[in-house]
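Descriptive analysis of the structure
The lines below spell out each chain.
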Amino acid sequence: DAKTTQPTSMDCAEGRAANLPCNHSTISGNEYVYWYRQIHSQGPQYIIHGLKNNETNEMASLIITEDRKSSTLILPHATLRDTAVYYCIVSSGGSNYKLTFGKGTLLTVNP
Amino acid sequence: GAGVSQSPSNKVTEKGKDVELRCDPISGHTALYWYRQSLGQGLEFLIYFQGNSAPDKSGLPSDRFSAERTGGSVSTLTIQRTQQEDSAVYLCASTPRGNSYEQYFGPGTRLTVT
């Protein structure tokens, strides 16, 4: 699986959009970008994934650049409950089902 | 709908005792995974079930660990003769189709071996 790079931490004001970047410059053509988060003392939570088109669901939007070398997870109206570590993962899925997390980005939403 | 549930939420046991951890996946999810997460550490894959079969048990750390799944639904992870290094949060996840990175996790069972 391709390596990803994320900032260690970010801050966001409550009610504002949180934009979390991820670099994955060595991504292959068949690899998807997945995002998870883990709120303190809870299990990981799947957020969204995409291949090359932008994706949106009830939780977030995923914007993938045209060259697919980077992506941004957008939480449109961050709340205090969105404070968590966010993980960007690149994988072809399939037999690569063993989920592993890197260091991720600690997003702190401030009142 | 109901998410993945795990029980118990917390378990304290004495070294050398056996423990059973239970996972109820989301209804209709065919694949089920067990992971563990030690304090401040990443996820450690333990085992993967497709239906009632476990095609990948490669992550089980020793023969003290075993797991089964019945009826394509509930799974039990058993740890025999627990050791202090077994203390961790044990997480269960399920996926809507086959093996996948789109995994839905339960809240975990925090196991403490004293």
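A few points on the structure. (Residues numbered from 1 in each chain as written. Chains lettered and ligands numbered in written order. Predicted model: local features only at pLDDT ≥ 70, side-chain atom pairs only at ≥ 80, totals over all residues. Heavy atoms only, no water.)

**Thoughts on the overall build of chain B**
The helix and strand tally for chain B stands at zero helices and eleven strands. Reading chain B from its N terminus to its C terminus gives the helix and strand order β-β-β-β-β-β-β-β-β-β-β. Over its C-alpha atoms chain B spans a radius of gyration of 13 Å, differing by no more than 12% from the 13 Å that the globule rule assigns to 114 residues. Principal-axis analysis of the C-alpha atoms places the extent of chain B at approximately 40 × 25 × 25 Å. A burial count over chain B gives 47% of its 114 residues as buried. Put simply, 54% of the contacts in chain B that link residues at least 6 apart link residues at least 24 apart. Each charge class in chain B was averaged separately, 11 positive and 11 negative side chains, and the resulting centres sit 2 Å apart. (Helix = DSSP H or I, 4+ residues; strand = E, 2+ residues; numbered from the N terminus. Rg over C-alpha atoms; globule rule 2.2 N^0.38 Å. Buried < 20%, exposed > 50% of the residue type's maximum accessible area, 1.4 Å probe, protein only. Contact = heavy atoms within 4.5 Å. Lys, Arg positive; Asp, Glu negative; His and termini not counted. Charge placed at Lys NZ, Arg CZ, Asp CG, Glu CD.)

**Here we look at the state of the cysteines**
Evaluated as defined, the whole model comprises two disulfides over all chains. Covalently, A:C22 is tied to A:C88 through a disulfide, its sulfur atoms 2.1 Å apart. Given an S-S torsion of about -80°, the disulfide between A:C22 and A:C88 has left-handed geometry. Linking A:C22 in strand β2 (residues 18–23) with A:C88 in strand β8 (residues 84–91), this pair joins segments that are 66 residues apart in sequence. Each member of the pair, A:C22 as well as A:C88, is classed as buried. Between B:C23 and B:C92 runs a disulfide, and the two sulfur atoms are separated by 1.8 Å. Because the torsion about its S-S bond is -65°, the bridge between B:C23 and B:C92 counts as left-handed. (Disulfide = S-S within 2.5 Å.)

**What to know about the sheet that holds strand β3 (residues 19–24) of chain B**
All names here are of chain B. Strand order in this open sheet of four strands is β1-β3-β8-β7, and the pairing throughout is antiparallel. Both outer strands of the open sheet, β1 (5–7) and β7 (65–69), are each paired with one neighbouring strand and no more. In this sheet, neighbouring strand axes are inclined to one another by 15° on average, regardless of whether the strands run parallel or antiparallel. (Pairing = 2+ DSSP bridges. Axes fitted to C-alpha atoms, helices over the stretch in contact; angles between N-to-C directions.)

**What to know about unusual backbone geometry**
Most peptide bonds are trans, and most residues other than glycine sit at a negative phi. With an omega of -10°, the peptide bond between B:S7 and B:P8 qualifies as cis. Assignment of secondary structure puts B:P8 in the loop between β1 and β2 (10–13). Despite not being glycine, A:R68 has its phi angle at roughly 65°, a positive value. Topologically, A:R68 is positioned in the loop between β6 (61–64) and β7 (70–75). The class for A:R68 is buried, based on a relative accessible area of 9%. Residue B:R81 is not a glycine yet carries a positive backbone phi of 45°. Assignment of secondary structure puts B:R81 in the loop between β8 (75–79) and β9 (88–95).

Function-wise, these values are silent; they only describe arrangement.
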